[in-house]
Every structure is written in C-alpha cells, then in structure tokens.
Amino acid sequence: AWLFPAAEQQWAHSCCSASSLESAFQGPVTAIEADILMGTIESEHGEVPIMAHPPCRTSDLSFEDFWQRCLAEARHHLKLDFK
C-alpha cells in the first residue's frame, strides 16, 4: 500500500555529504533535501552526478551512493534539487 507523507515533516536540509546524510539517518528526521549537480568525487577524476550545492563542484558523496543508501535505509521522503 502506498503511504503518503505526513502533513508535518522534520527536514534535514542540504544533505550533500556522507556525514550529513548519516546524521539524517540517525536522528528524528522524516524527510531529506539534497542538491544534485555534475562534479567530481574527492580524489577521483571525471565528472559524475554528485551531491553538492553550488558553487561547490566536489563532494565525498556521488548521487549513485546517495541513492543506494537512501533505498537501503528506506524510511525517509526525499526532495532532490537538480542544479
């Protein structure tokens, strides 16, 4: 059965790093907001979709890793801003 979000959410804003995402998973947060843009993962080469907010163009969290962690955790609503 499909569950709609509650009218009131506790948000974690700008979860664009591995540590901020992990903090959101550990707290009373019910919804996660994050930004996606093309950039580089720290210590890697080439542009990929990453979790970052302009003007940042590097991150320790790729969109793929963010997505996989959220799917595995599976209890938060997501709001994704594509930059």
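Now for a description of the structure that goes with this document. (Residues numbered from 1 in each chain as written. Predicted model: local features only at pLDDT ≥ 70, side-chain atom pairs only at ≥ 80, totals over all residues. Heavy atoms only, no water.)

## Remarks on the overall build of the chain
For step 1, the next point in the chain: Along the backbone of the chain there are two helices and five strands.
For step 2, the next point in the chain: For the chain, the α and β elements follow one another from N to C terminus as β-α-β-β-β-α-β.
For step 3, the next point in the chain: A globule of 83 residues ought to have a C-alpha radius of gyration of about 12 Å, and the chain, at 13 Å, matches this closely.
For step 4, the next point in the chain: C-alpha atoms of the chain, sized along the principal axes, occupy 40 × 25 × 25 Å.
For step 5, the next point in the chain: Per-residue burial for the chain yields a buried fraction of 33% across its 83 residues.
For step 6, the next point in the chain: Restricting the contact set of the chain to residue pairs at least 6 apart, pairs at least 24 apart contribute 38%.
For step 7, the next point in the chain: With the model as given, the accessible surface of the chain reaches about 5,500 Å², and the carbon-plus-sulfur share is 58%.
For step 8, the next point in the chain: For the chain, the distance from the average position of its 5 positive side-chain charges to the average position of its 12 negative side-chain charges is 5 Å. (Helix = DSSP H or I, 4+ residues; strand = E, 2+ residues; numbered from the N terminus. Rg over C-alpha atoms; globule rule 2.2 N^0.38 Å. Buried < 20%, exposed > 50% of the residue type's maximum accessible area, 1.4 Å probe, protein only. Contact = heavy atoms within 4.5 Å. Areas by Shrake-Rupley, 256 points an atom, 1.4 Å probe, with all protein chains shown as cover. Lys, Arg positive; Asp, Glu negative; His and termini not counted. Charge placed at Lys NZ, Arg CZ, Asp CG, Glu CD.)

## A closer look at a nonpolar patch on the surface
For step 1, the next point in the chain: A surface patch of nonpolar side chains, amounting to about 260 Å² of accessible area, comprises Trp 67, Leu 71 and Leu 78.
For step 2, the next point in the chain: The residue Leu 71 is located in helix α2 (residues 63–73) in this model.
For step 3, the next point in the chain: Note on Leu 71: relative accessible area 47%, which makes it partly exposed. (Patch = residues over 30% accessible without salt bridge, like charges linked within 9 Å, V, L, I, M, F, W, Y side chains within 5 Å. Salt bridge = Lys/Arg side-chain N within 4 Å of Asp/Glu carboxyl O.)

## Re the nonpolar core
For step 1, the next point in the chain: Counting residues in hydrophobic clusters, the biggest one holds 14 residues, and the most contacted among them are Leu 21, Ile 32, Met 51 and Phe 66.
For step 2, the next point in the chain: Among the secondary structure elements, those contributing two or more residues to this core are α1 (18–26), β2 (31–41) and α2. (Core = buried A, V, L, I, M, F, W, Y, C linked by side-chain atoms within 4.5 Å.)

## Looking at the pairing of strand β3 (residues 48–51)
Regular strands place side chains that alternate from one sheet face to the opposite one.
For step 1, the next point in the chain: Direction of pairing for β2 relative to β3: antiparallel, over a ladder of four bridges. When the bridges of β3 are listed, Gly 39 appears paired with Val 48.
For step 2, the next point in the chain: The antiparallel pairing of β2 with β3 creates a hairpin that spans six residues between the two strands, and Ser 43 there sits at a positive phi of about 65°. (Pairing = 2+ DSSP bridges.)

## Describing unusual backbone geometry
When glycine is set aside, most residues are seen to have a negative phi, and most peptide bonds are trans.
For step 1, the next point in the chain: Each neighbour pair has its own omega, and for Pro 54 with Pro 55 the value is 15°, a cis peptide bond.
For step 2, the next point in the chain: With respect to the helices and strands, the residue Pro 55 is situated in the loop between β3 and β4 (58–59).
For step 3, the next point in the chain: A positive phi angle, near 50°, is found at Ala 74, a position not held by glycine.
For step 4, the next point in the chain: Relative to the helices and strands, Ala 74 resides in the loop between α2 and β5 (77–82).
For step 5, the next point in the chain: On the accessibility criterion, Ala 74 (58% relative accessible area) is exposed.

Structural measurements only, silent on function.
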